[in-house]
Amino acid sequence: MENNTFMMPPIGGKSILRSTGEEVEIIYSEIKERGARSEEDWVTYIDSEGKEHIKEHLNNQLDFKPVVNDTWNKAFDFAAKSKVPTTRNSRIFEVAKELVKNGSHVSTAVSVARQLVDEVGVETE
């Protein structure tokens, strides 16, 4: 392997193939240069029908995007427990949403939002 070749570690996670929108599981990949396409780039993945694609000439960074996980919904009590959220949970959701928009990680945003809502209270109007 040449010094300027990047072996990507096994991913084992779901990704979206940008050209088709298909959800796939990337097993392994190699890219010649980060952020640039090369004829030597390849990705091994399993498609949505379970078929393995070995060393397809694709670039892991440019041809795939991550699957959005369900962390956001799981972070709030009302997402799983009730179709009608409590006022407290609604406020937590609104505050956390703004924190995430400004760059906070979801779990940090929820934690901070819970603290703020509990300190300030839910009656803001």
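Our structure is the block above this text.
Residues numbered from 1 in each chain as written. Predicted model: local features only at pLDDT ≥ 70, side-chain atom pairs only at ≥ 80, totals over all residues. Heavy atoms only, no water.

Caption draft 1: Region of interest: the overall build of the protein. For the protein, the count of helices and strands is 5 helices and 6 strands. Taking all 125 residues of the protein together, the buried fraction comes to 27%. Taking the intrachain contacts of the protein between residues at least 6 apart in sequence as the baseline, contacts between residues at least 24 apart amount to 40%. Roughly 8,600 Å² of accessible area belongs to the protein as shown, and the carbon and sulfur atoms make up 50% of that amount. (Helix = DSSP H or I, 4+ residues; strand = E, 2+ residues; numbered from the N terminus. Buried < 20%, exposed > 50% of the residue type's maximum accessible area, 1.4 Å probe, protein only. Contact = heavy atoms within 4.5 Å. Areas by Shrake-Rupley, 256 points an atom, 1.4 Å probe, with all protein chains shown as cover.)

Caption draft 2: Region of interest: helix 4 (residues 87-101). With 15 residues, helix 4 should cover 21 Å at 1.5 Å per step; its first-to-last C-alpha distance of 21 Å lies within 8% of that length. Three or more residues of helix 4 are buried, namely Asn89, Ile92 and Ala96. Projected down its long axis, helix 4 shows its buried positions confined to an angular sector of 55°, all on one face. Along helix 4, the residues that are exposed and aim more than 90 degrees away from the buried face are Thr87 and Lys101. (Expected span 1.5 Å × (residues − 1). Arc of directions from axis to C-beta.)

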